[in-house]
Amino acid sequence: MADSVQLAPKPRFARALRVARYCLGGVVLGVCVVALIETVVLEPFHVPTGSMAPALRGHHRVGLCPCCGAEVVVGRAAADSKGTGQARFYRKAFCQNCGHFPIPLDGPEIAGDRIIVHRTAHLFRTPSRWEIVVFRLLGVFYIKRILGLPGEEILIHDGDVYVDGELLRKPWDEAKRMALPIYDQLQARPERWDVLTGPDSRVIDLDGTASPTTATYRNEIAATKKCEPIRDEYAYNGSLHADSECVHDFLIATEVEAVAGAGSVSLRLCDGGDWIEVTLPLGEARAIEAFAWPVHEPERIRKIADGEHVWALQPGQRCRVELAFVDRRVTLAVDDAVCCSVDLPARKERDGVSEPFQVHADGVRVRLHRFRLSRDVHYGQQGINGVRGKAVRLGPDQYFVLGDNSPNSEDSRFWTDQGRVEAASIVGSALIARGAAPQRSGVRWLP
């Protein structure tokens, strides 16, 4: 009879060693995968300057306006190279909401935002218009927004971009994303309305039940008490710039409350060339209508659009309304649903706008809550490319890029070769990760 053989049991420490070996292998593999993703797919960058503000902030300080209480974000001044924050560098810092200056900036400096660049984003598609990209030019990394695509002719005029002679118009979602705040009614600040609209300065209260009533927003500067045209100024830049230009494209967002009566409330925006008006029915259901007329010829009023659905806001009800007159495109959204969109012909010359908005109540009492006024990005005539009538023709693999903070952006308007950016120089698409960038070695900085 053969002797039976039994395997001796393995020591416990051998099993523990095997588990530890598997765990260590998993950790090493994970580190390798992360390193591969960071070097091949995703790469972190820091943003020290504000050429893309307010979408991306560079090194900055935050202060509160002593007049209206609004938060004011101011980028590091060019003269303050070490970021000391001395008052002499920021004595012209102003509040975008009410115009008050100077703004106290006593707090510590906050590091610039961080972004993640998707390096493989364009392997299976070409870069798209309005996309924010990182690219390399003359050995330096930049971050800008793509405006011109291959083969197009680009010209900047009166703050707008023209492509092959046609006005470039933003999609609605893009117009909202790029909007720059001017005024927020929620801030406890002096009135900017030409009529007293109630005891609560945060609510615009119009009673047009007895006779039609209109309230006009006026761009009155707190320091001078003058009503002045709105210009392409950024509180982020810490001061006014000498060659600022008048802006023309505006957006409003508010909550409309029907209080009493049956009639309509009309919301109007002006771009210096035309007034546009949308009429919302209150109490009596009917179609939403849109009208337009030249600033200097109000008798030439014309209907430009009818709503598709019969609708009315009843007393006691409230709805959220957004209205934009951007790139000569009129867009109305009610409760986040676009119900009117119509394009007006381009205008090459427009007046400065000091009174961009009106609300008119006819037969009803209405309240506007949470009113906010914003403006579109205005691309200035600084530089030598695509400005002052000098159009730029792009090649088959070339792009034209611009910064959102146009008065303080070195972009395609200034560079050699007419500012053309080669497709091969684009590193990838920027994924914004707002917040102070960690001080980490090996992470690159963007101008």
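Fair warning: this is a prediction, and the values are worked out from it, not measured in the lab. (Residues numbered from 1 in each chain as written. Predicted model: local features only at pLDDT ≥ 70, side-chain atom pairs only at ≥ 80, totals over all residues. Heavy atoms only, no water.)

Colleague: I tried to follow the overall build of the chain on my own but got confused; where do I start?
Modeller: Within the chain one finds two helices and 25 strands. Residues counted as buried form 49% of the 447 residues belonging to the chain. Long-range contacts, defined as pairs at least 24 residues apart, comprise 68% of the intrachain contacts of the chain with a sequence gap of at least 6. With the model as given, the accessible surface of the chain reaches about 21400 Å², and the carbon-plus-sulfur share is 55%. (Helix = DSSP H or I, 4+ residues; strand = E, 2+ residues; numbered from the N terminus. Buried < 20%, exposed > 50% of the residue type's maximum accessible area, 1.4 Å probe, protein only. Contact = heavy atoms within 4.5 Å. Areas by Shrake-Rupley, 256 points an atom, 1.4 Å probe, with all protein chains shown as cover.)

Colleague: What am I meant to see in the side chain of S244 here?
Modeller: Tracing the backbone through its elements, the reader meets S244 in the loop between β12 (213-217) and β13 (250-270). A distance of 3.1 Å separates the side chain of S244 from the side chain of E233, its partner in a polar contact. (Polar contact = N/O pair within 3.5 Å; in protein donor to acceptor, adjacent residues only side chain to side chain.)

Colleague: Sorry if this is basic, but what is going on with the environment of I132 here?
Modeller: Structurally, I132 is set in strand β5 (residues 132-137). Note: C-alpha distance between I132 and I146 (14 residues apart in sequence) is 6.4 Å. If near-sequence neighbours (up to four positions away) are discounted, I132 is found in contact with M52, I143, K144, R145, S429, A430 and I432.

Colleague: It is not clear to me how the pairing of strand β2 (residues 60-64) should be interpreted in this structure. Could you clarify?
Modeller: Of the pairings in the sheet, the one linking β2 to strand β3 (residues 71-75) comprises five bridges and is antiparallel in character. Looking at the pairing, L64 lines up with E71 of β3. (Pairing = 2+ DSSP bridges.)

Colleague: Is there a simple way to think about the nonpolar core in this case?
Modeller: Note on soluble globular proteins: their nonpolar side chains tend to be buried together. Counting 45 residues, the largest nonpolar core has L267, L323, L332, F357 and V359 as its most contacted members. Contacts of V359, omitting those with residues within four sequence positions, involve I204, L206, T213, T214, A215, V265, S266, L267 and L368. In this structure, A53, I154, Y234 and V377 belong to the second largest nonpolar core, which totals 20 residues. (Core = buried A, V, L, I, M, F, W, Y, C linked by side-chain atoms within 4.5 Å.)

Colleague: I would appreciate a short explanation of the state of the cysteines in the present structure.
Modeller: As used in these notes, a disulfide is a covalent bond between sulfur atoms, one from each of two cysteines. Within this structure, the stated rule accounts for zero disulfides. Among the cysteines around C339, which has no disulfide bond, C340 carries the closest sulfur, lying 6.5 Å off. (Disulfide = S-S within 2.5 Å.)

Colleague: Whenever I open this one, the sheet that holds strand β7 (residues 153-157) confuses me. Can you help?
Modeller: Each strand in a sheet pairs with another by means of backbone hydrogen bonds, the pair being arranged parallel or else antiparallel. The sheet built from four strands is open, its strands ordered β9-β8-β7-β21 with antiparallel pairing. Sheet topology places β9 (166-167) and β21 (392-393) at the edges, where each strand pairs with a single neighbour. Two strands pair when backbone bridges link them, and strand β8 (residues 160-163) and β9 are joined in this way by two bridges, in the antiparallel orientation. From the neighbouring strand, V163 faces β9, where its bridge partner is E166.

Colleague: Help me out: how do you make sense of the side chain of T279 in this one?
Modeller: Mapping T279 onto the fold places it in strand β14 (residues 274-282). A relative accessible area of 10% places T279 in the buried class. Engagement of the side chain of T279 in a polar contact is seen with the side chain of S266, the distance being 3.3 Å.

Colleague: Honestly, the pairing of strand β15 (residues 286-294) in this entry has me stumped. Any pointers?
Modeller: The side chains of a regular strand alternate between the sheet's two faces. Sheet analysis places β14 next to β15, joined by six bridges and oriented antiparallel. Opposite V278, over in β15, you have A290 as the bridge partner. The hairpin formed by β14 and β15 contains three residues between the paired strands, and G283 there has a positive phi angle of roughly 85 degrees. Sheet topology places β15 next to strand β16 (residues 302-311); six bridges connect them, and they run antiparallel. Its bridge partner being in β16, E289 is matched across the sheet by D306.

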